[in-house]
Amino acid sequence: MRNPLRSEAEAYRFLWLTIVYFAAIVLASLVGGRWWGVGVFVGLTAVGAWLLLQKEETGEMTRAIPARGPADERRILVVANETVGGQTLRQTIREKTEGARSQVLVVTPALNSPLKHWVSDEDDARAAAQRRLDTSLAQLAEAGVEAGGEVGDGDPLQAMEDALRTFGADEIIISTHPQGRSNWLERGVVEKARERFPVPITHVVVDLEREQAELT
């Protein structure tokens, strides 16, 4: 069975909805008596079951990759956050697009703390992600690679799924820090992406510290 809680944000939402669910039942019982509590329980449970079914159906639909482009066109989805400007990543994208008509979409997840997410304070996270993305797109353009870009959901897996709804990628490139310095690797993002999405996935390790040292 597929886990409906595919991101940390969804898990937090589920926790709060559960608290509200039981609080509403208890409050109805105290105000209107036992049968009011039963009525609220039945009503909320029915609504929750219906929403879950809708989510499952929608989830299966969004997993379908949109129609590919022409046979001679290669579409590459790049997902990277802090490593989005890494030289190793740029080199990989150049190699993947060389000699072929290509479309490249770079998605930078707006990483944020759980507390700021719940109070809807995402402006700083999205602004920082946008700055990294703009720099990366400019560097790709200098290297002769035309690419579009967007800031995505803070959960990289959700960001990929959101992008795939409108961008029929032939391949996904996931860029991370090296092992031991990568939160995404600790969370198994690459492995989970390979299980979830029916397209080839390339994992690129970008060591920003090493690249910076080579430039100095």
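Our structure is the block above this text.
In this text, all values refer to a predicted model and were calculated from it rather than measured experimentally.

The rules behind each value
Residues numbered from 1 in each chain as written. Predicted model: local features only at pLDDT ≥ 70, side-chain atom pairs only at ≥ 80, totals over all residues. Heavy atoms only, no water. Core = buried A, V, L, I, M, F, W, Y, C linked by side-chain atoms within 4.5 Å. Buried < 20%, exposed > 50% of the residue type's maximum accessible area, 1.4 Å probe, protein only. Helix = DSSP H or I, 4+ residues; strand = E, 2+ residues; numbered from the N terminus. Contact = heavy atoms within 4.5 Å. Salt bridge = Lys/Arg side-chain N within 4 Å of Asp/Glu carboxyl O.

Attention shifts here to the nonpolar core. Ranked by size, the top nonpolar core spans 21 residues in total, and within it Leu77, Met160, Ile172, Ile174, Ala193 and Phe197 carry the most contacts. At the level of elements, strand S1 (73–79), strand S2 (101–109), helix H6 (156–164), strand S4 (171–176), helix H7 (183–186) and helix H8 (189–196) are the ones that each hand at least two residues to this core. The element best represented in this core is H6, accounting for five residues. With near-sequence residues (within four places) excluded, alanine 193 lies in contact with Leu157, Met160, Ile174 and Ile201. Counting 19 residues, the second-largest nonpolar core is a separate cluster that includes Val78, Val104, Ala125 and Ala129.

With the rule as written, the count across this model stands at nine salt bridges. Among the ionic pairs, aspartate 155 bridges to arginine 187, the shortest N-O distance being 3.1 Å. With aspartate 155 in the loop between strand S3 (148–152) and H6 and arginine 187 in the loop between H7 and H8, this residue pair connects regions lying 32 residues apart in the sequence. By relative accessible area, arginine 187 is classed as partly exposed at 31%. Across the pair glutamate 161 and arginine 196 runs a salt bridge, and its minimum N-O distance is 3.6 Å. Of this pair, glutamate 161 sits in helix H6 while arginine 196 sits in helix H8; the two residues are 35 residues apart in sequence, bridging distant segments of the chain. Look at glutamate 161 and you get buried, because its relative accessible area is 0%. For arginine 196, a relative accessible area of 15% gives the class buried. Residues participating in the shared-partner salt-bridge network are Glu73, Arg75 and Arg101.

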